[in-house]
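Architecture at a glance
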Amino acid sequence: MPIPALHSLHIHPLKAAGGHAPREAVVEPWGLAGDRRWVLVDSAGKAVTQRPHPGLATVAVELLPDGRIRMSAPGARPLTVAVPEPGATVPVQFPRDKTEGVPAGPAAHAWFSALLGVDVRLCHLDDPATRRPIAAEYGRPGETLSFADALPLLLTTLSSLDALNSLIAQGDHADEGPLPMDRFRPNAVVAGTPPWSEDDWSRLAIGDVAFRVARKCARCVVTTTDQRTAERGKEPLRTLARHRRVGKQLLFGLQLVPESTGTIRVGDPVRILE
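Once that is clear, we can look at the overall build of the chain. The helix and strand inventory of the chain stands at 3 helices and 18 strands. Computed over the C-alpha atoms, the radius of gyration of the chain is 18 Å, within 12% of the 19 Å expected from 2.2 N^0.38 for a compact globule of 274 residues. C-alpha atoms of the chain, sized along the principal axes, occupy 55 × 40 × 35 Å. Per-residue burial over the chain gives 51% buried out of 274 residues. Entry remark: accessible area of the chain is about 12300 Å², with carbon and sulfur atoms responsible for 52%. Averaged over its 32 positive side-chain charges, the chain has a centre that lies 4 Å from the centre of its 30 negative ones.

To continue, consider the nonpolar core. General note: in soluble globular proteins, nonpolar side chains tend to be found buried as a group. Core analysis: the biggest nonpolar cluster contains 21 residues, and Leu40, Val81, Phe112 and Leu122 have the highest contact counts within it. Among the secondary structure elements, those contributing two or more residues to this core are strand E4 (38–42), strand E6 (69–73), strand E7 (76–81), helix H1 (106–116) and strand E10 (120–124). The element that contributes the greatest number of residues to this core is H1, accounting for 4 residues. The contacts of leucine 122, once residues within four sequence positions are left out, are Leu14, Trp38, Val39, Leu40, Ile69, Val81, Val102, Pro103, Ala104, Ala108, His109 and Phe112. Grouped together as the second largest cluster of nonpolar side chains are 20 residues, Leu9, Ala188, Val190 and Val213 included.

Structurally, lysine 46 is set in the loop between E4 and strand E5 (60–63). Remark: the alpha-carbon pair of lysine 46 and phenylalanine 94, spanning 48 residues in sequence, is separated by 6.2 Å. Residue contacts for lysine 46: discarding those within four places in its chain leaves Leu40, Val41 and Gln93.

With that settled, the discussion passes to the side chain of histidine 124. For histidine 124, the position within the fold is in strand E10. The residues touching histidine 124, leaving out its near neighbours within four places in the chain, are Arg37, Trp38, Val83, Pro84, Gly101, Val102 and Phe147.

Moving on, we come to the environment of leucine 204. Residue position: leucine 204 is located in strand E13 (residues 203–206). Distance in space between the C-alpha atoms of leucine 204 and aspartate 162 is 22 Å, their sequence separation being 42 residues. Leaving out residues up to four positions away in the same chain, leucine 204 has contacts with Leu155, Val209, Ala210, Phe211, Val213, Leu256, Val270, Arg271, Ile272 and Leu273.

So, on to the pairing of strand E8 (residues 90–93). Side-chain positions along a regular strand alternate between the two faces of the sheet. By the bridge criterion, 4 bridges tie E8 to strand E9 (residues 98–103) in an arrangement that is antiparallel. Within E9, the position partnered with glutamine 93 by the bridge is lysine 98. Counting the residues that bridge the hairpin from E8 to E9 gives 4 residues.

One can find valine 118 in the loop between H1 and E10. Between the C-alpha atom of valine 118 and that of arginine 183, which follows or precedes it by 65 residues, the distance is 25 Å. When residues no more than four places from it in sequence are discounted, the contact partners of valine 118 are His53 and Ser113.

By the secondary structure assignment, arginine 132 is in the loop between E10 and strand E11 (153–157). For arginine 132, the side chain forms a polar contact with the main-chain oxygen of serine 146, separated by 2.7 Å. There is a polar contact of 3.0 Å between the side chain of arginine 132 and the backbone oxygen of aspartate 149.

Conventions used here
Residues numbered from 1 in each chain as written. Predicted model: local features only at pLDDT ≥ 70, side-chain atom pairs only at ≥ 80, totals over all residues. Heavy atoms only, no water. Helix = DSSP H or I, 4+ residues; strand = E, 2+ residues; numbered from the N terminus. Rg over C-alpha atoms; globule rule 2.2 N^0.38 Å. Buried < 20%, exposed > 50% of the residue type's maximum accessible area, 1.4 Å probe, protein only. Areas by Shrake-Rupley, 256 points an atom, 1.4 Å probe, with all protein chains shown as cover. Lys, Arg positive; Asp, Glu negative; His and termini not counted. Charge placed at Lys NZ, Arg CZ, Asp CG, Glu CD. Core = buried A, V, L, I, M, F, W, Y, C linked by side-chain atoms within 4.5 Å. Contact = heavy atoms within 4.5 Å. Pairing = 2+ DSSP bridges. Polar contact = N/O pair within 3.5 Å; in protein donor to acceptor, adjacent residues only side chain to side chain.

Written out as structure tokens, the structure is:
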């Protein structure tokens, strides 16, 4: 059996948009540095995701060294946006909680509104240390997160994706597989573990950084979205419903909370602590 190791890292600067895969990343208390520090909100202040707007998958976002982001999308001119100066904030509403964000300039709002065909605003998370506490059922006092859905990091494993793709190949929508890992939009992908062994993990370390497993990740319609074309199909939800259903949840991957900080790198050993 190979030694478990970090296979890849993924950072999505803008929630719901495309990301990049660095060779290393700094783990901050609220997640990977630069991950999901930006979000779009609609006219009601709700965070905009791929659920109603699958076209966000085709937006490429590059995180620049000074914190700016450079965005590009099919049919649109690239746009670079600076981190807004601290100042007035606007509400950012998630399905289970609410926080605040600092709006970017009007050029960013216009760019995304034209792209999506609805009125949206681009906002930045100015202070991840204080803005958004993790829900009490999963977090401890003082623990916070970025504009991620509910918890700081998402981890998946290559072996479980291989196992899932084998199941898809046996189903009614075999032509949709095999699916790539980007359907699940993870932060960390681990190689060298048995399929589904992560179901039994409660604590792990990547390199010198320790993480607590807060819960298994329930998947939604975003996983059916081709991250290159924004087209939707039936998989993997159809197969997860048959083989990975717990109650109403269809499970793939783990949501983590950092217990320490530091830099993790592709190739780092992964140790299962509990």
